[in-house]
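Residue-level listing of the chains:
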Amino acid sequence: MSVGAEKVVCVTGASGYIASWLVKLLLQRGYTVNASVRDPNDPKKTEHLLMLDGAKERLHLFKADILEEGSFDSLVDGCEGVFHTASPVYLSANDPQAELIEPAVKGTLNVLRSCAKVSSVKRVVITSSMAAVVYNGKPHTPDVLVDETWFSDPAFCEESKLWYTLSKTLAEKAAWEFSKENGIDMIAMHPGWVSGPLLQPTINTSLKPFLKLAKGEPDYKSTNATAQELPRTQMTDIVLTSNTLKEESKRSISIRDGMVPPTSRRRNMGDNYYEQTVQYHIPTLKLNKQTNPQNKKPTKNNQTMSTT
């Protein structure tokens, strides 16, 4: 029998990159999935979900608004686990408070308030970000270990105008406070550079730099990583258990191989935490003439994107 047979879980923001893969993997494991989208009638947001194996029998789409309190009540009712991924991802914003901070913080709290109303929810998994970990003004030298005790500093983020980073930092802190006050068993995951095969028909924010590299855009500069630092991609699938994790194991940094920062690590999550990482290799990177005006031969330290 499948691990998720007769179990119901919830995924918010189901049309997004991470959420779409979560829905796919949960369905594969036999779970019934309640999935929220902003518009269930928009085929661009739902068609790829409805085509997944098991979707016809065990996928239920709900309309939900992260800014509306109570919008997730019916979604989480009867669910054992809740995966909250819905949050705006913009690297720039004209109105950071309205476009990023309020949806991230208020949306997370609205989901948790709905979870607190029902007794069926055993665990909530919040998709945070490495953005909520490393931006605190501390040096990232080789001797510095970035672990689950790190939080980005809101004052530093605001001073540096890192609005997305600020939104994820404030949202996670608000989530921890609310979950502790209301006895919610919560885990926070911190993906780094999220990329890989697409399920949805639109390009996610993390893949856009790869597209720019592939097109050889001369003005593109990556402030986070070079192509050599991204040899493979990952997406983490968490299967919820009813056992309680140790407090220090509830923040997980999702970093592998050359992902930035290279000194980060994932803490051992213990026997009660089941995790599977699905990896995909990206194409070999080679220099092409369009992105090499000096017509130099490629070396290991001098490469830009070209698929082979």
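Residues numbered from 1 in each chain as written. Predicted model: local features only at pLDDT ≥ 70, side-chain atom pairs only at ≥ 80, totals over all residues. Heavy atoms only, no water.

Participant: Tell me about a nonpolar patch on the surface, and please be specific about residues and values.
Facilitator: A surface patch of nonpolar side chains, amounting to about 230 Å² of accessible area, comprises Leu198, Ile203 and Leu211. Mapped onto the fold, Leu211 is located in helix H8 (residues 208-215). (Patch = residues over 30% accessible without salt bridge, like charges linked within 9 Å, V, L, I, M, F, W, Y side chains within 5 Å. Areas by Shrake-Rupley, 256 points an atom, 1.4 Å probe, with all protein chains shown as cover. Salt bridge = Lys/Arg side-chain N within 4 Å of Asp/Glu carboxyl O. Helix = DSSP H or I, 4+ residues; strand = E, 2+ residues; numbered from the N terminus.)

Participant: Tell me what's going on with the side chain of Ser36, and back it up with residues and numbers.
Facilitator: Here Ser36 lies in strand E2 (residues 32-37). Residue class for Ser36 comes out buried when judged on its relative accessible area of 3%. A distance of 3.0 Å separates a polar atom in the side chain of Ser36 from the backbone nitrogen of Gly13. The contacts of Ser36, once residues within four sequence positions are left out, are Val11, Thr12, Gly13, Ala14, Phe62, Ala64, Phe72 and Leu75. (Buried < 20%, exposed > 50% of the residue type's maximum accessible area, 1.4 Å probe, protein only. Polar contact = N/O pair within 3.5 Å; in protein donor to acceptor, adjacent residues only side chain to side chain. Contact = heavy atoms within 4.5 Å.)

Participant: Quick rundown of helix H2 (residues 43-50)? Include the residues and the values.
Facilitator: Given 3.6 residues to a turn, an α-helix orients residues that are three or four positions apart in the same direction. Listed in full, the buried residues belonging to H2 are Thr46, His48 and Leu49. Along the axis of H2, the buried residues cluster in a sector spanning 160°; they form a single face. For H2, the elements touching its buried residues are helix H1 (17-28), E2, helix H3 (55-58) and strand E3 (59-63). For H2, the N-terminal cap is Asp42; the gap from its side-chain oxygen to the backbone nitrogen of Lys44 is 3.1 Å. (Arc of directions from axis to C-beta.)

Participant: How would you explain the pairing of E2 if you had to name every residue and give the values?
Facilitator: Most of E2 is tucked away, with 6 of its 6 residues classed as buried. Burial of the side chains of E2 extends over both faces: Thr32, Asn34 and Ser36 are buried on one face and Val33, Ala35 and Val37 on the other. Examined bridge by bridge, strand E1 (residues 8-12) and E2 share 4 bridges and lie parallel to one another. Opposite Val11, over in E2, you have Ala35 as the bridge partner. The handedness of the E1 to E2 crossover, carried by H1, is right-handed. As paired strands, E2 and E3 are joined by 5 bridges and run parallel to one another. Among the inter-strand pairings, Val37 is bridged to a residue of E3, identified as Lys63. (Pairing = 2+ DSSP bridges. Right-handed = clockwise from strand over helix to strand, strands pointing away.)

Participant: If you had to explain unusual backbone geometry to someone new, which residues and values would you point to?
Facilitator: For residues that are not glycine, phi is negative in most cases, and the peptide bond is trans in most cases. Positioned with a positive phi, Lys161 is a non-glycine residue whose angle comes to about 60°. You can see Lys161 is positioned in the loop between helix H6 (154-159) and helix H7 (163-181). Of the residues examined, Lys161 reaches a relative accessible area of 58% and is grouped as exposed.

Participant: Describe the side chain of His190, with residues and values.
Facilitator: By the secondary structure assignment, His190 is in strand E6 (residues 186-191). Residue His190 is classed as buried on the basis of its relative accessible area of 1%. Polar contacts involving the side chain of His190 include one to the side chain of Glu172, which spans 2.9 Å. A distance of 3.5 Å separates the side chain of His190 from the backbone oxygen of Ala188, its partner in a polar contact.

Participant: Got a sec to walk through the packing of aromatic side chains? Specific residues and values, please.
Facilitator: Per the counting criterion, the structure on display carries 0 aromatic pairs. Between the NZ or CZ atom of Lys138 and the centre of the ring of Trp150, over which it lies, the distance is 4.7 Å. (Phe/Tyr/Trp six-rings, centres within 6.5 Å; stacked < 30°, edge-to-face > 60°. Lys NZ or Arg CZ within 6 Å of the ring centre and 35° of its normal.)

Participant: Please give an account of empty space enclosed by the protein that cites residues and values.
Facilitator: Within this structure, the stated rule accounts for 3 cavities of 30 Å³ or more. Estimates place the volume of the second largest cavity at around 60 Å³. Together, His84, Ala86, Ser87, Ala104, Thr108, Ile126, Thr127, Ser128, Lys168, Ala171 and Glu172 line the second largest cavity. Going through the elements one at a time, helix H5 (96-116), strand E5 (123-127) and H7 are the ones with two or more residues in the lining of the second largest cavity. Per-element accounting of the lining of the second largest cavity gives the leading share, 3 residues, to H7. Residue classes in the lining of the second largest cavity are distributed as 4 nonpolar, 5 polar and 2 charged. (1 Å grid on protein atoms, 1.4 Å probe; cavity = no way out; pocket = protein on both sides within 12 Å on 5 of 7 lines; lining within 4 Å. Points joined across faces, edges and corners; volume = space filled by probe spheres on them. Nonpolar A, V, L, I, M, F, W, Y, C, P; charged D, E, K, R; others polar.)

Participant: Give a detailed account of the confidence of the model for the protein, specifying residues and quantitative values.
Facilitator: Note that predicted coordinates carrying low pLDDT should not be read in detail. In this model, the protein carries an average pLDDT of 75, and 70% of its residues clear a pLDDT of 70 or more. Note that pLDDT drops below 50 for residues 222-248; the model gives that stretch 98 contacts with residues more than four away or on any other chain. Of the regions scoring below 50 in pLDDT, residues 255-308 engages in 121 contacts with residues more than four places distant in sequence or in other chains. (pLDDT = per-residue confidence, 0-100.)

Participant: So what's going on with H1? Which residues, and what values?
Facilitator: Taking 1.5 Å as the rise per residue, H1 with 12 residues should run 16 Å; its terminal C-alpha atoms sit 17 Å apart, in good agreement. Of all 12 residues in H1, 10 are buried; the element is thus mostly enclosed. For H1, the complete set of buried residues consists of Tyr17, Ile18, Ala19, Ser20, Trp21, Leu22, Val23, Leu25, Leu26 and Leu27. In the segment just after H1, Gly30 is the residue with positive phi, at about 95°. (Expected span 1.5 Å × (residues − 1).)

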